[in-house]
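Observations on the three-dimensional arrangement
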Amino acid sequence: MLLTGVAGLLIVAFDAQVTRLIQLYIIGVFVSFTLSQLGMVRHWQKERRRGTAPEGVRGRQAVNAAGAAATAIVLVIVLATKFVHGAWIVVVAMPVLFLLMKAVSRHYAAVREEHCLRVYMAQLRRKLEADPSRPRHLLTEAGMGYRFQP
C-alpha cells in the first residue's frame with residue numbers, strides 16, 4: 001500500500017514523463033551493479049583466504065573489480081548530471097530505506113531470541129514440573145524474566 005502511494009506520488013511529481021522518471025531507475029540500477037560487483041570481489045577474497053578458491057580466481061576478482069570501477073564511474077557521472085533533475089530523491093531514499101530495513105531486521109532478531117527463550121523454558125517446564133501449565137519451580141517474573149524456585 002505504501003509502495004503504491006509512493007509510486008503514485010512520483011508519477012504526479014514527474015508529470016508521468018518516462019524520460020524524467022527513468023533518472024530514478026538509472027541510479028538504482030548502477031548502485032545495484034556496483035554493489036554486486038564489489039560483493040563478488042569480497043566473495044573471491046574470502047574464498048582465497050579459506051583456501052577454497054577455484055583456479056583463476058585472481059582473474060575473476062580482477063574482472064569484478066573492473067566492473068565495480070566502471071559502474072561506479074557511471075554512477076558518479078549520472079549522479080552529477082541528474083542530481084537536480086530528480087536523482088536526489090534516490091540519494092535520500094536509499095539510506096532511509098536501508099535504515100528502516102535494518103530496524104526491521106533487529107526487531108525480528110529480538111522477537112526470534114525472545115521466542116527461542118520461551119520455547120526453551122516451556123521444554124524445561126515439561127521436564128521439571130508435575131503440571132507445566134501451573135509451574136512451581138520455573139516461575140515467570142513480569143518485567144524480569146524467569147526465576148527458579150527449588
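Procedures and definitions
Residues numbered from 1 in each chain as written. Predicted model: local features only at pLDDT ≥ 70, side-chain atom pairs only at ≥ 80, totals over all residues. Heavy atoms only, no water. Helix = DSSP H or I, 4+ residues; strand = E, 2+ residues; numbered from the N terminus. Expected span 1.5 Å × (residues − 1). Buried < 20%, exposed > 50% of the residue type's maximum accessible area, 1.4 Å probe, protein only. Lys, Arg positive; Asp, Glu negative; His and termini not counted. Salt bridge = Lys/Arg side-chain N within 4 Å of Asp/Glu carboxyl O. Contact = heavy atoms within 4.5 Å. Core = buried A, V, L, I, M, F, W, Y, C linked by side-chain atoms within 4.5 Å. Patch = residues over 30% accessible without salt bridge, like charges linked within 9 Å, V, L, I, M, F, W, Y side chains within 5 Å. Areas by Shrake-Rupley, 256 points an atom, 1.4 Å probe, with all protein chains shown as cover. 1 Å grid on protein atoms, 1.4 Å probe; cavity = no way out; pocket = protein on both sides within 12 Å on 5 of 7 lines; lining within 4 Å. Points joined across faces, edges and corners; volume = space filled by probe spheres on them. Nonpolar A, V, L, I, M, F, W, Y, C, P; charged D, E, K, R; others polar. Pairing = 2+ DSSP bridges.

**Digging into helix H1 (residues 2–13)**
One turn of the α-helix equals 3.6 residues, which is why residues spaced by three or four share an orientation. Relative to the 16 Å expected for 12 residues at 1.5 Å per residue, H1 spans 16 Å between its end C-alpha atoms, a close match to the ideal helical length. Asp15 lies just past H1 and shows a positive phi near 50°.

**What to know about the side chain of Arg125**
As for its position among the elements, Arg125 is in helix H4 (residues 87–128). Despite its burial, Arg125 pairs with no opposite charge; the closest candidate is Glu129, at 5.2 Å N-O. Those residues in contact with Arg125 that sit more than four places away from it in its chain are Pro132, Pro135, Leu138, Leu139, Thr140 and Tyr146.

**Notes on the nonpolar core**
Within the largest apolar cluster, eight residues are counted, these being Phe14, Leu24, Ile27, Val31, Leu75, Val78, Ala87 and Val90. Those elements giving two or more residues to this core turn out to be helix H2 (18–50), helix H3 (57–82) and H4. Looking at which element gives the most residues to this core, the answer is H2, with three residues. Leaving out residues up to four positions away in the same chain, Ile27 has contacts with Leu75, Val78, Leu79, Ala87 and Val90.

**With respect to a nonpolar patch on the surface**
On the surface, Phe83, Val84, Trp88, Val91, Val92, Val96, Leu97, Leu100 and Met101 cluster together to form a nonpolar patch covering roughly 860 Å² of accessible area. Considering the arrangement of structural elements, one finds Met101 in helix H4. Taking relative accessible area as the criterion, Met101 reaches 57% and is therefore assigned exposed.

**Here's the deal with the layout of surface pockets**
Roughly 490 Å³ of volume is contained in the largest pocket. Along the wall of the largest pocket there are 17 residues; nearest its centre are Leu3, Val6, Ala93, Met94 and Leu97. Contributing elements (two or more residues each) for the lining of the largest pocket: H1, H2 and H4. The dominant element in the lining of the largest pocket, judged by the number of residues it contributes, is H4, at nine residues. Grouping the constituent residues of the lining of the largest pocket by class yields 16 nonpolar, one polar and no charged.

**Some points on the pairing of strand S2 (residues 145–148)**
Taken together, the four bridges between strand S1 (residues 138–141) and S2 define a ladder with antiparallel strand orientation. Counterpart to Leu138 in the pairing with S2 is Phe148. Where S1 folds back onto S2 in an antiparallel hairpin, the turn is made up of three residues, including Gly143, whose phi is positive at roughly 75°.

**Overview of unusual backbone geometry**
Here the phi dihedral of Asp15 falls at roughly 50°; this positive angle occurs in a residue that is not glycine. By secondary structure assignment, the location of Asp15 is in the loop between H1 and H2. Not every positive phi belongs to a glycine, and Ala16 is a case in point at roughly 55°. Looking at where Ala16 falls in the secondary structure, it is placed in the loop between H1 and H2. Since its relative accessible area comes to 48%, Ala16 is described here as partly exposed.

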